[in-house]
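Given next are the chains, with one letter for each unit.
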Amino acid sequence: MSGSESGVRAAKHDFSPTYDQPWPQAYYLAHLALDYMICDRAKSVFETIITRLRHQRPHRPLKIVDIGASYGLNAALLRAPLSLDDLYAAYTLADGPLASQSLEDHEAFFTCQKLREDLEIVGLDPSRQALRYAHDVGLIGAAVTANLETEELTPTDREALRDADLIISTGCVGYATVRTFKRVYEVTAASRPWVASFVMHPFGYEDIASMLAGFGLVTTECPHLRQRQRRFSTAQERASILALMAEQGMDDRLERTTGYIYAAFHLSTPREDDA
C-alpha cells in the first residue's frame, strides 16, 4: 500500500467492525447513520452497462464479479426490484422482514423478490461471514474470501471467477489496491471483462488503470457520473479528507458545499469493444 493510500485510510471513518459479523443489521445501521448511498446511485449506471454488454454477449447469463461484496448489497440491488431505502428499512426497523436472525426468514424474503436469473454474481471479500450470509440467502452464486492483497487465488477461487463479463466495485478501491485487481483480472482476462469502479475521494485509480492497460483495456473517467458516497462522519474526517484532496490537486467543491464525500466513476473496456 502506498503512503497516500495509508493516509486516506487513516483519515476515513472506520466501518470495519460491522463488516464481518454473522448478520448484516449492524452494517446497515452504521451505513444508514451516515446516509451511505453509493450503491443506490451506482445501480442505474451498472444496469446501463449490463444492457450494453448483453447486446455483445447474449449467449449466457452475465457473470459479474463484485470486489468488496460484503453482505451482497450490490447483488441485492441488481438482482431484485429493491432500492437501498428498501433494504435499510428491511434490516433496521424493529418489525422489518430482515430484522430477525433467522436464515429462513432472510431466504424467504429474497426468494419472494424473484431474483433475476440472467445475472450470475460472484462476491469477493475477505469478510468471510459477510460473504457466507450473501451466499446462504441466495444473493451471490459463489464466494471468494481470499485477501488478495496478501494471498493468491486458490484453484476453486479461480474457477469461480473464470468467464467473468463485468467486474464492479463501489468504494473498495484503496482497501483493494492494484494487487487485488491484477489477481482478479489475470484469471478472468480470457473472457475480456469490463471493469466499472466507483472510487471514493481522495483515493486514486491511476495504478489500476495502468495495470488494466497492460491487458488491452482503455480506462475513461466519467465526470458526469460522479456520485455521492456518504456524509462525513465528523468535522475531523471532513478536514482530513479535504486536506488530502488539496494535496492531490483534486476538485473539492462538492465536498466543501454538500457535506458529502463523492466517488469518481471509471470504466475500463477492451480496445476491441465499442464502449
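As the structure is a computational prediction, the values presented were derived from the model and not from experiment.

Some details on the overall build of the chain
And step 1. Helix and strand counts for the chain come out as 12 helices and 8 strands.
And step 2. Here the C-alpha atoms of the chain give a radius of gyration of 18 Å, agreeing with the 19 Å that 2.2 N^0.38 yields for 275 residues.
And step 3. Along the three orthogonal principal directions, the C-alpha set of the chain runs to about 50 × 45 × 35 Å.
And step 4. Per-residue burial over the chain gives 53% buried out of 275 residues.
And step 5. In the chain, the proportion of contacts linking residues at least 24 apart, taken out of those at least 6 apart, comes to 77%.
And step 6. Measuring between centres, the 28 positive side-chain charges of the chain sit 3 Å from its 37 negative side-chain charges.

Comments concerning the packing of aromatic side chains
One pair of aromatic rings is described through two measures. These are the centre distance and the angle between the planes.
And step 1. According to the stated counting rule, one finds 12 aromatic pairs in the structure shown.
And step 2. Taking 6.0 Å as the distance between ring centres and 85 degrees as the angle between the ring planes, the aromatic pair formed by Tyr 28 and Tyr 88 counts as edge-to-face. You can see Tyr 28 sitting in helix α2 (residues 25-33) and its partner Tyr 88 sitting in helix α5 (residues 84-92), a full 60 residues away along the chain.
And step 3. A ring pair is formed by Phe 198 and Phe 265, whose centres lie 4.7 Å apart and whose planes are at 40 degrees; its orientation type is tilted. With Phe 198 in strand β5 (residues 194-200) and Phe 265 in strand β8 (residues 260-270), this residue pair connects regions lying 67 residues apart in the sequence. We note that Phe 198, like Phe 265, is buried.
And step 4. Taken together, the aromatic side chains of Tyr 19, Trp 23, Tyr 27, Tyr 28, Tyr 71, Tyr 88, Tyr 91 and Tyr 133 make up a single cluster linked through ring pairs.
And step 5. Between the NZ or CZ atom of Arg 228 and the centre of the ring of Tyr 260, over which it lies, the distance is 4.2 Å.

Describing a negative patch on the surface
And step 1. Residues Glu 104, Asp 105, Glu 107 and Asp 136 make up a contiguous surface patch of negative charge.
And step 2. Secondary-structure assignment places Glu 107 in helix α6 (residues 103-112).

Overview of the packing of helix α9 (residues 178-188) against helix α10 (residues 206-213)
And step 1. Relative orientation of the contacting elements α9 and α10 amounts to 25 degrees, with a least axis distance of 9 Å. Judged on the interaxial angle alone, α10 and α9 are roughly parallel. When the axes of α9 and α10 are compared, the crossing they make is right-handed. Contact residues: α9 offers Val 178, Phe 181, Lys 182 and Tyr 185, while α10 offers Asp 207, Ile 208, Met 211 and Leu 212.
And step 2. In the contact of α9 with α10, the residues fall into 6 nonpolar, no polar and 2 charged.

Here's the deal with α2
And step 1. By the burial criterion, the buried members of α2 are Gln 25, Tyr 27, Tyr 28 and His 31. Projected down its long axis, α2 shows its buried positions confined to an angular sector of 160 degrees, all on one face.

A short note on the state of the cysteines
And step 1. Taken as a whole and judged by the stated rule, the model has 0 disulfides.
And step 2. Sulfur of Cys 39: no disulfide; nearest cysteine sulfur belongs to Cys 172 and is 10 Å away.

Digging into α10
And step 1. Within α10, the full set of buried residues consists of Ile 208, Ala 209, Met 211 and Leu 212. What you see down the axis of α10 is that its buried residues fit within an arc of 160 degrees, all on one side. Within α10, the exposed residues directed more than 90 degrees away from the buried face are Glu 206, Asp 207 and Ser 210.
And step 2. Among the structural elements, α9, β5, β6 (217-221) and β8 are those in contact with the buried residues of α10.

Parameters and conventions
- Residues numbered from 1 in each chain as written.
- Predicted model: local features only at pLDDT ≥ 70, side-chain atom pairs only at ≥ 80, totals over all residues.
- Heavy atoms only, no water.
- Helix = DSSP H or I, 4+ residues; strand = E, 2+ residues; numbered from the N terminus.
- Rg over C-alpha atoms; globule rule 2.2 N^0.38 Å.
- Buried < 20%, exposed > 50% of the residue type's maximum accessible area, 1.4 Å probe, protein only.
- Contact = heavy atoms within 4.5 Å.
- Lys, Arg positive; Asp, Glu negative; His and termini not counted.
- Charge placed at Lys NZ, Arg CZ, Asp CG, Glu CD.
- Phe/Tyr/Trp six-rings, centres within 6.5 Å; stacked < 30°, edge-to-face > 60°.
- Lys NZ or Arg CZ within 6 Å of the ring centre and 35° of its normal.
- Patch = residues over 30% accessible without salt bridge, like charges linked within 9 Å, V, L, I, M, F, W, Y side chains within 5 Å.
- Areas by Shrake-Rupley, 256 points an atom, 1.4 Å probe, with all protein chains shown as cover.
- Salt bridge = Lys/Arg side-chain N within 4 Å of Asp/Glu carboxyl O.
- Axes fitted to C-alpha atoms, helices over the stretch in contact; angles between N-to-C directions.
- Parallel < 35°, antiparallel > 145°, perpendicular 65-115°, else oblique.
- Left-handed = near helix turned anticlockwise from the far one by under 90°.
- Nonpolar A, V, L, I, M, F, W, Y, C, P; charged D, E, K, R; others polar.
- Arc of directions from axis to C-beta.
- Disulfide = S-S within 2.5 Å.

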